[in-house]
Amino acid sequence: MIPRTIFSAEHELFRDTVRRFIEAEIKPHHGKWEKAGETPRELWRKAGETGLLCVAVPEEYGGMGGNFLHSAIMIEEMARAGATGPTFYLHSDIVAPYLVDFGTQEQKRKWLPPMATGEVVVAVGMTEPSSGSDLQGMATTALRQGDEYVINGQKVFITNGHTADLLVLACKTDPKAGGKGVSLMLVETDRPGFQRGRHLEKIGCKAQDTAELFFADVRVPASNLLGQEGRGFIHLMTQLTQERLIQTVRAVAASEAMIGWTIDYVSERKMFGQKLADFQNTQFKLAEMHAEVLAQRVLADRCIELHLDGKLDPVDAAAAKMSTTETQGRVADQCLQLFGGWGYMWEYPIARAFADARMTRIGGGATEVMKQIIGRSLLPATRKQRPPVDSGV
Ligand SMILES: Cc1cc2nc3c(=O)[nH]c(=O)nc-3n(C[C@H](O)[C@H](O)[C@H](O)COP(=O)(O)OP(=O)(O)OC[C@H]3O[C@@H](n4cnc5c(N)ncnc54)[C@H](O)[C@@H]3O)c2cc1C
């Protein structure tokens, strides 16, 4: 194995803490949460107490004061355990950076400390029933009236939507200005006019709560504007590199875990007087998957290094997201095949991982959106076309 060089001994101690937490607090209960369609609030508080939330948020705002290496450890260990229910990465590494980078001092002091303790859970609302990949088509508005914005509209597929106390909401503050009329709003979920819809039933990531959200004349003070009015798209775009890297890190760790479970299984399973591992087909399949994921592990680590230096190119992040999530889908399919009928049973982690993996080629920017971004970068003459800005979730 090519040794990983990006983590220090201190990071590995942190990894041990994360693993112990997952073993004790998540793995024994995940099946129950899958049936419930959500993870309990208590888990968020326990994660906060253990110092596992907002690990890259500066200490002055209640975070651990770490960097993306700590985030990567959290993301990897959760993915490796198939713990897709508690969406700590969304809370800590997708939403918290919006507050850190664009929040006022008052917003940061108010929201980041309770996010780090798990008292406040957050969600990000971009996707709408008729606009997902093409976010510019969003219809939700936040129109200024005196010292307030009045929000009307609807969001869909919102992770943590049922649990969240606070939303980072993409809205049109100037509906006639296209992409230049989009702004980000902080919306507390106890405001009159806000309603949560159904628990959306999914084929995977079943312990994750996924909601429809409705806004009917929801009033928020003008001070809830996050970042600058009309610059919502620019703010979103600055976060996309990290969001794609998160999906890359998740995909590689999930692929490695699936290959590991399959090696264990084929080493035990007997048929036709030999072990499943003894068939050349098994060895070739595992060899192919291992080689592909090994290359992607090296790619992911290099992307993490570049990101730590602020030098990860958004197009390279899109390429990494696309290739690693596509591989994850193939690995899930081929590993499940080696498990036979047992692989189709929900009680086997590979069955869950297969269903969970299907999401990663759609969310965080669909594969086709990534291809468009990469294609345009290779073909300068096409760059004048409007760049897609998708939800990074
Ligand atoms: C489980 C889950 C959790 C989610 N969590 C959140 C969340 O927390 N917050 C949030 O805001 N959103 C969330 N989403 C929404 C997610 O970001 C969108 O599903 C995604 O952006 C795709 O949008 P869409 O579903 O509207 O599909 P569409 O935009 O309608 O795309 C459908 C298909 O069209 C194709 N396509 C898209 N763009 C192009 C293109 N440029 N060129 C060619 N083909 C293209 C692709 O095959 C794509 O899959 C979540 C979704 C799921 C399933």
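Relevant structure appears above.
Residues numbered from 1 in each chain as written. Predicted model: local features only at pLDDT ≥ 70, side-chain atom pairs only at ≥ 80, totals over all residues. Heavy atoms only, no water.

Undergrad: What is the right way to look at the overall build of the chain in this model?
TA: Each helix and strand in the chain was counted, giving 11 helices and 10 strands. Its C-alpha radius of gyration of 21 Å places the chain within 12% of the 21 Å reference for a compact globule of 393 residues. Dimensions of the chain, computed from C-alpha atoms along their principal axes, come out at roughly 80 × 55 × 40 Å. Here the contacts in the chain between residues at least 6 apart in sequence split such that 74% fall between residues at least 24 apart. Of the roughly 17300 Å² of accessible surface on the chain, 54% is carried by carbon and sulfur atoms. Placing the 45 positive and 48 negative side-chain charges of the chain at their respective mean positions leaves the two points 4 Å apart. (Helix = DSSP H or I, 4+ residues; strand = E, 2+ residues; numbered from the N terminus. Rg over C-alpha atoms; globule rule 2.2 N^0.38 Å. Contact = heavy atoms within 4.5 Å. Areas by Shrake-Rupley, 256 points an atom, 1.4 Å probe, with all protein chains shown as cover. Lys, Arg positive; Asp, Glu negative; His and termini not counted. Charge placed at Lys NZ, Arg CZ, Asp CG, Glu CD.)

Undergrad: I would appreciate a short explanation of helix H7 (residues 232-268) in the present structure.
TA: Residues spaced three or four apart along an α-helix point in a common direction, a consequence of the helix completing one turn every 3.6 residues. Compared with the 54 Å implied by 1.5 Å per residue over 37 residues, the 53 Å span of H7 between its first and last C-alpha is a close match. Along H7, the largest kink reaches about 40 degrees and is centred on Leu 240. Of all 37 residues making up H7, 27 are buried, and the element is well covered by its neighbours. (Expected span 1.5 Å × (residues − 1). Bend = angle between axes of the 7 residues up to and from the residue. Buried < 20%, exposed > 50% of the residue type's maximum accessible area, 1.4 Å probe, protein only.)

Undergrad: Sorry if this is basic, but what is going on with unusual backbone geometry here?
TA: Peptide bonds are, in most cases, trans, and in most cases residues other than glycine have a negative phi. In this model, Cys 54 sits at a positive phi of 55 degrees, which is unusual for a non-glycine residue. Within the secondary structure, Cys 54 sits in the loop between helix H3 (41-49) and helix H4 (68-80). According to the relative accessible area criterion, Cys 54 is buried, its value standing at 0%. Phi is positive for Cys 205, close to 45 degrees, though the residue is something other than glycine. Relative to the helices and strands, Cys 205 is located in the loop between strand E6 (194-199) and strand E7 (210-221).

Undergrad: Got a minute to help me understand the packing of H7 against helix H9 (residues 314-339) in this structure?
TA: The geometry of a pair of packed helices is captured by two quantities: the angle between their axes and the separation between those axes. Relative orientation of the contacting elements H7 and H9 amounts to 20 degrees, with a least axis distance of 8 Å. Taken as axis vectors, H7 and H9 run roughly parallel relative to one another. As for how H7 packs across H9, the hand of that crossing is left-handed. Per-class residue counts for the contact of H7 with H9 are 17 nonpolar, nine polar and two charged. (Axes fitted to C-alpha atoms, helices over the stretch in contact; angles between N-to-C directions. Parallel < 35°, antiparallel > 145°, perpendicular 65-115°, else oblique. Left-handed = near helix turned anticlockwise from the far one by under 90°. Nonpolar A, V, L, I, M, F, W, Y, C, P; charged D, E, K, R; others polar.)

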